[in-house]
Amino acid sequence: MDPAETSMKALRAHARGGAEQLTYEDAPAPGAPSAGEVRVRVRAAAITLDELTWPDTWEADGVDRTPTIPSHELAGVVTAIGPDVDGLAVGDAVFGLVPFDRDGAAAEYVLAPAAGLVHTPAGVSEVVAAAAVLPALTALEALDAHLGLGSGQRLLVRGGTGAVASALIQLARRMGLEVTATVRSQTAVEHARRLGAATVLVGEEPTAASFDAAIDAVGAGTPEWLYRAVRPGGRVVTLQEPPDEDLARAAGVDARFFVVSPSAAALERLGALLAAGELEVAVAQTYPLSEGRTAYAGRSAAGPGKVVLEP
């Protein structure tokens, strides 16, 4: 990026709402990075369709953020380094996560904390690296810090072919867990099994409290049966909203909610998995940045996986 450049193309929303608020337009280009930041030329930006419903997309500390730029999972090339940044240099290929309460990567350039970026492994495409970030980091944190499971224990994953669930199944299998996944249709069964699910339920509810833990990787509105499927004293984890305390109490389970906290160590671990070919990352569809509104409006992209914008 030429320091004289003051504008860039970006996908922005000037008012709260859904995809209909997004406009591909000229926007101010980010200036020089502050301490601990880098400026990145974005090559791939993965999207989460529900992010336009998140409070952090629209405000930070109670202050309105519009016009706001969405998409927080990126891969690109460093173009400028701020003070107090170690380990990264101009020209480095990087991938990682931009905090949810600041402008994202649906743009030609983004300012990002260096702590949320690591080097993209050689041989890993920018599209795959971007698509892996949020699902895999969420899965790793769930398994390491929240589900509390060890080899041989039983995990129930609701939403077995979604991006987060797909990462969960693969990583849980690597830990020696016995995974049961729920899917919406018969067509998804083989995919869930190939990822590592020992049992796949199609639109069915488990009939007994036989799991050591369960995680809802679908979205808001965790159903009552998910709580009842876990043995008393087991754990239920939700990802989109806090669990229903009444349902958790009635089932005798420990229910918790978390928002992923990226770290360089977790990103390095993810990079190693990608480089070794030990984590399959599905990309449902790619769009040019200019078609970002269409990408965010799409709820029926072909096949499972993430949608990625390419500026």
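Structure: above.
The shown structure was predicted, so the numbers you read here are calculated from the model rather than taken from an experiment.

Focus on the overall build of the protein chain
If you tally the helices and strands in the protein chain, you get 8 helices and 17 strands. In summary, the protein chain has a C-alpha radius of gyration of 20 Å against a globular reference of 19 Å for 311 residues, a match within 12%. In terms of principal-axis extent, the alpha carbons of the protein chain reach across some 65 × 40 × 35 Å. With 311 residues in all, the protein chain has 51% of them scored as buried. For the protein chain, restricting intrachain contacts to residue pairs at least 6 apart in sequence, the fraction spanning at least 24 positions comes to 62%. Within the structure as shown, the protein chain displays about 13000 Å² of accessible surface, and the carbon and sulfur contribution to it stands at 48%.

Things to note about the nonpolar core
Phe-95, Leu-143, Leu-147, Leu-155, Leu-168 and Ile-215 are the most contacted members of the largest nonpolar core, which has 56 residues in total. When residues in this core are grouped by element, the largest group, 13 residues, is from helix α2 (residues 126-146). Apart from the residues lying within four places of it in its own chain, the contact partners of Leu-147 are Ala-142, Leu-155, Ala-213, Ala-214, Ile-215, Arg-235 and Val-237. If you look at the next biggest cluster of nonpolar residues, it comprises 36 residues, including Ala-19, Trp-58, Val-110 and Ala-295.

Quick look at the environment of Ala-129
Summarising the element assignment, Ala-129 is placed in helix α2. Residue classification places Ala-129 among the buried residues on the basis of a relative accessible area of 0%. The spatial distance from the C-alpha of Ala-129 to the C-alpha of Tyr-109 is 17 Å, given a sequence separation of 20 residues.

Digging into the sheet that holds strand β10 (residues 154-158)
The strand order across the open sheet formed by 6 strands is β12-β11-β10-β13-β14-β15, and the pairing between neighbours is parallel. The strands lining the two open edges of the sheet, one partner per strand, are β12 (199-202) and β15 (254-257). Pairs of neighbouring strands in the sheet enclose a mean axial angle of 15°, with direction left out of account. Strand direction decides the pairing type here: strand β11 (residues 178-183) and β12, joined by 4 bridges, are parallel. Bridge assignment links Thr-180 to a residue of β12, and that residue is Thr-199. Here helix α3 (residues 163-174) sits on the sheet in contact with β10, β11 and β13 (211-216), set at roughly 165° to β11.

Remarks on the packing of aromatic side chains
Applying the stated criterion across every chain yields a total of 1 aromatic pair. With centroids separated by 5.2 Å and ring planes inclined at 75°, the aromatic side chains of Trp-54 and Phe-100 adopt a geometry described as edge-to-face. Taken together, the positions of Trp-54 in the loop between β3 (37-47) and α1 (55-58) and Phe-100 in the loop between β7 (93-97) and β8 (109-113) put the pair 46 residues apart, joining distant regions of the chain. Here Phe-100 falls in the buried class, since its relative accessible area comes to 14%. It is Arg-154 that lies over the ring of Phe-211; its NZ or CZ is 4.4 Å from the centre.

Let's talk about the packing of α2 against helix α7 (residues 264-275)
Running from amino to carboxyl end, α2 crosses α7 at an angle of 115°, the nearest separation of the two axes being 10 Å. Viewed along their axes, α2 and α7 form a crossing whose handedness is right-handed. Residues Val-128, Ala-129, Ala-132, Val-133, Ala-136, Leu-137, Leu-140 and Asp-144 of α2 touch α7, and the partners they reach there are Ala-266, Leu-267, Arg-269, Leu-270 and Leu-274. Within the contact of α2 with α7, the residues separate by chemical class into 11 nonpolar, no polar and 2 charged.

Some thoughts on the pattern of salt bridges
With the rule as written, the count across this model stands at 17 salt bridges. Taking the shortest distance from any N to any O, the salt bridge between Glu-59 and Arg-16 comes out at 2.8 Å. One end of the pair, Glu-59, is in strand β4 (residues 59-60); the other, Arg-16, is in the loop between β1 (7-13) and β2 (22-28), with 43 residues separating them in the sequence. Residue classification places Arg-16 among the partly exposed positions, given a relative accessible area of 45%. Note that Asp-254 is salt-bridged to Arg-256, the shortest N-O span being 3.2 Å. For Arg-256, a relative accessible area of 26% gives the class partly exposed.

As for the pairing of β3
Side-chain positions along a regular strand alternate between the two faces of the sheet. Burial analysis of β3 places 10 of its 11 residues in the buried class, the great majority of the element. In terms of strand pairing, β3 meets β8 through 5 bridges, oriented antiparallel. Considered in β8, the bridge of Glu-37 is made with Pro-113. Inspection of the sheet shows β3 paired to strand β17 (residues 306-310) by 3 bridges, in the antiparallel sense. For Ile-47, the partnering residue across the bridge sits in β17 and is Val-307.

About the criteria used
- Residues numbered from 1 in each chain as written.
- Predicted model: local features only at pLDDT ≥ 70, side-chain atom pairs only at ≥ 80, totals over all residues.
- Heavy atoms only, no water.
- Helix = DSSP H or I, 4+ residues; strand = E, 2+ residues; numbered from the N terminus.
- Rg over C-alpha atoms; globule rule 2.2 N^0.38 Å.
- Buried < 20%, exposed > 50% of the residue type's maximum accessible area, 1.4 Å probe, protein only.
- Contact = heavy atoms within 4.5 Å.
- Areas by Shrake-Rupley, 256 points an atom, 1.4 Å probe, with all protein chains shown as cover.
- Core = buried A, V, L, I, M, F, W, Y, C linked by side-chain atoms within 4.5 Å.
- Pairing = 2+ DSSP bridges.
- Axes fitted to C-alpha atoms, helices over the stretch in contact; angles between N-to-C directions.
- Phe/Tyr/Trp six-rings, centres within 6.5 Å; stacked < 30°, edge-to-face > 60°.
- Lys NZ or Arg CZ within 6 Å of the ring centre and 35° of its normal.
- Left-handed = near helix turned anticlockwise from the far one by under 90°.
- Nonpolar A, V, L, I, M, F, W, Y, C, P; charged D, E, K, R; others polar.
- Salt bridge = Lys/Arg side-chain N within 4 Å of Asp/Glu carboxyl O.

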